[in-house]
Amino acid sequence: MFAAERRQLILEMVRANGAVSLRELARVVQTSEVTVRRDVRALEAEGLLDRRHGGAVLPGGFTRESGFPQKSHLATAEKTAIADLAASLVEEGEAVVVGAGTTTQELARRLARVPGLTVVTNSLLVAQALAHANRVEVVMTGGTLRGSNYALVGSGAEQSLQGLRVSRAFLSGSGLTAERGLSTSNMLSASVDRALVQAAAEVVVLADHTKLGTDTMFQTVPTDLITRLVTDEPPAHDDRAATELQALADQGVQIAVAGASENPGGDQAPARRQQRRDVPLPGPRRGQVQGGAPGLRSASVLGEQSPGTDRARVADLRRR
């Protein structure tokens, strides 16, 4: 297939779906992801689409939000790994809030196995995933249904959260940066997410590497309110994602990386397996109880290391 034909097909797929992963584009046009990435870059230069880490979307990323069917096909393996790791943070008998999103829906499927759990959510998909769970109580907010992501929004949803207090909130979004924190493209969704944050003692953000370094219109959770980020291992070539992870850690966010593998000097790389790599808080944060959640491993504090050591840690993360 000639380059012009590939790019026309890529453009048609993005226009039809709103967002498409590089892996899917490469499969359809029957070429490598490297070639597809080059084609996407050329189409972005013409203003025909916007690049995202791991995919391509229609132009206007600050105001446009992809629908649930489009989001569900992006970074599916990464979301599964993130959900597995996030579920390990939840203990029997806890009360948590879970926001709307494709990654949080994956989390809900795993929370169905935690006995004595109470889950408060504004997501119909999260509630559906837990509907038949044994010994899991589901509490739904009120509000108006937003069909594009099957979430309840508006004043009814926000008012139903007043006076609520749970151990932690699990939230996703459209983008995450160290400068602004978590953000989304919809004002109503952002407002409800902020209410969910107010109800929780700890905020856990679930974001795959394609969202790192991406900024969208409405801020939902500022960086200083994010306790922990659960993400996947960025590709080796993704310098921006690795740099963003370091910047988030420098601001006190604990980083848990799903799917990281370790190969200390071996000749052959081991099979990828689920592991947790935690970067602890550099120091006490405003309004935060020290000690963190149980089950997280300790490591050396980034804030006490030299800049060269920090850069080496980021480089090591990319290699892993």
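Within every chain, residues take consecutive numbers counted from 1 along the sequence as written. Totals for whole chains, interfaces and linings use all residues, but because this is a predicted model, local features are given only for residues with pLDDT of at least 70 and pairs of side-chain atoms are given and counted only at 80 or more. Side-chain measures were taken over the full set of non-hydrogen atoms in the model, leaving aside hydrogen atoms and water.

**Topic: the confidence of the model for the chain**
Applied cut-off: Predictor confidence is given residue by residue as pLDDT, running from a minimum of 0 to a maximum of 100. The contact rule is simple, with two residues in contact once any of their heavy atoms fall within 4.5 Å.
Residue-level pLDDT values for the chain average 78, and 75% of them are 70 or greater. In this model residues 68-73 is a low-confidence stretch, pLDDT under 50, and it forms 15 contacts with partners more than four residues away in sequence or in other chains. Counting interchain partners and residues more than four positions distant, the pLDDT-below-50 stretch residues 279-315 has 57 contacts.

**Quick word on the nonpolar core**
Our working rule: Among buried residues, those of type Ala, Val, Leu, Ile, Met, Phe, Trp, Tyr and Cys that are joined through side-chain atoms within 4.5 Å constitute a nonpolar core. Note on exposure labels: buried denotes an accessible area under 20% of the residue type's maximum, exposed denotes more than 50%, and partly exposed covers the range between, all computed with a 1.4 Å probe on protein chains only. For helices the rule is a DSSP run of H or I covering at least 4 residues; for strands it is a run of E covering at least 2, with both sets numbered from the N terminus onward.
By size, the foremost hydrophobic cluster in this structure holds 30 residues, and its most contacted members are Leu176, Val205, Leu229, Leu248 and Ile255. Looking at this core, the elements that each hand over two or more residues are strand E9 (166-171), helix H9 (187-198), strand E12 (200-206), helix H10 (239-250) and strand E15 (254-258).

**Regarding the side chain of Arg228**
To keep it simple, the criterion reads: Two N or O atoms form a polar contact when they lie within 3.5 Å of each other; inside protein one atom must be a possible hydrogen donor and the other a possible acceptor, and for residues adjacent in sequence the pair counts only when both atoms belong to side chains.
Checked against the element boundaries, Arg228 lands in strand E14 (residues 228-232). Arg228 gets classed as buried once you look at its relative accessible area, which sits at 0%. Here the side chain of Arg228 touches Glu202 through a polar contact of 2.7 Å, side chain to side chain.

**Things to note about the sheet that holds strand E13 (residues 218-221)**
Worth spelling out the cut-off: Here, a strand pair is defined by DSSP locating no fewer than two bridges between the strands. For helices, the fitted line uses only the C-alpha atoms of the stretch in contact; every axis is such a line through C-alpha atoms, and the angle between N-to-C directions lies from 0 to 180 degrees.
Strand order across the open sheet formed by three strands is E10-E11-E13, with antiparallel pairing between neighbours. Edge strands, defined here as strands with exactly one partner in the open sheet, are strand E10 (175-177) and E13. Within this sheet the neighbouring strands show an average axis-to-axis angle of 40°, counted without direction.

**Notes on the environment of Ser183**
Structurally, the position occupied by Ser183 is in strand E11 (residues 181-184). According to the relative accessible area criterion, Ser183 is buried, its value standing at 1%. Each C-alpha atom, one on Ser183 and one on Lys211, is 9.9 Å from the other, the two residues being 28 residues apart in sequence.

**Remarks on helix H5 (residues 76-87)**
Helical geometry note: an α-helix holds 3.6 residues per turn, so side chains three or four residues apart project in the same direction. Applicable threshold: Helix span, expected: 1.5 Å multiplied by one less than the number of residues in the helix.
Counted at 1.5 Å a residue, the expected span for H5 with its 12 residues is 16 Å, and the 17 Å between its end C-alpha atoms agrees. Turning to H5, its buried residues are Glu78, Lys79, Ala81, Ile82, Ala83, Leu85, Ala86 and Ala87.

**Quick notes on helix H6 (residues 102-111)**
Among the 10 residues in H6, nine count as buried, and that is most of the element. By the burial criterion, the buried members of H6 are Thr102, Thr103, Thr104, Gln105, Glu106, Leu107, Ala108, Arg110 and Leu111.

**Considerations on the sheet that holds strand E3 (residues 55-57)**
Strand order in this open sheet of three strands is E1-E3-E2, and the pairing throughout is antiparallel. For this open sheet the edge positions go to strand E1 (19-21) and strand E2 (50-52), each flanked by a neighbour on one side alone. Across this sheet, the average inter-strand angle for adjacent strands is 25°, counted without regard to direction. With three bridges connecting them, E1 and E3 associate as antiparallel partners. The residue of E3 that forms the bridge with Val20 is Ala56. Taken strand by strand, helix H2 (residues 22-29) contacts E1 and E3, and its axis lies near 75° from that of E1.

**Focus: the pairing of E14**
To keep it simple, the criterion reads: Here the term right-handed applies to a crossover when the path leading from its first strand over the helix to its second strand runs clockwise, the strands being oriented away from the viewer.
Across the five residues that make up E14, a large majority, five, are buried. Residues Arg228, Val230 and Asp232 of E14 are buried on one face, and the alternating residues Leu229 and Thr231, pointing to the opposite face, are buried as well. As paired strands, E12 and E14 are joined by three bridges and run parallel to one another. Following the sheet pairing, Val204 is matched in E14 by Arg228. Where E14 lies against E15, five bridges are found, and the strand directions are parallel. Bridge assignment links Val230 to a residue of E15, and that residue is Ala256. Note on the crossover from E14 through H10 to E15: the handedness is right-handed.

**Regarding the packing of H2 against helix H3 (residues 33-45)**
The cut-off we apply is this: Every angle not falling under 35 degrees, over 145, or within 65 to 115 is termed oblique; those three ranges are roughly parallel, roughly antiparallel and roughly perpendicular. When residue character is reported, Ala, Val, Leu, Ile, Met, Phe, Trp, Tyr, Cys and Pro are called nonpolar, Asp, Glu, Lys and Arg charged, and the others, Gly included, polar.
In the contact formed by H2 and H3, the axes pass within 9 Å of each other and the chain directions differ by 105°. By the criterion of interaxial angle, the relationship of H2 to H3 is roughly perpendicular. Side by side, H2 and H3 meet where Leu22, Arg23, Leu25, Ala26 and Val29 of the first sit next to Glu33, Val36, Arg37 and Val40 of the second. Classifying every residue of the contact of H2 with H3 gives six nonpolar, no polar and three charged.

**A short note on the pattern of salt bridges**
Close approach of charged atoms allows side chains with opposite charge to pair. In plain terms, the rule: A carboxyl oxygen of Asp or Glu within 4 Å of a side-chain nitrogen of Lys or Arg is what we treat as a salt bridge.
Counted under the stated rule, the structure contains 12 salt bridges. Among the salt bridges present, the one from Glu44 reaches Arg51, with a minimum N-O distance of 2.7 Å. For Glu44, a relative accessible area of 27% translates into the label partly exposed. Classification of Arg51 as partly exposed rests on a relative accessible area of 35%.

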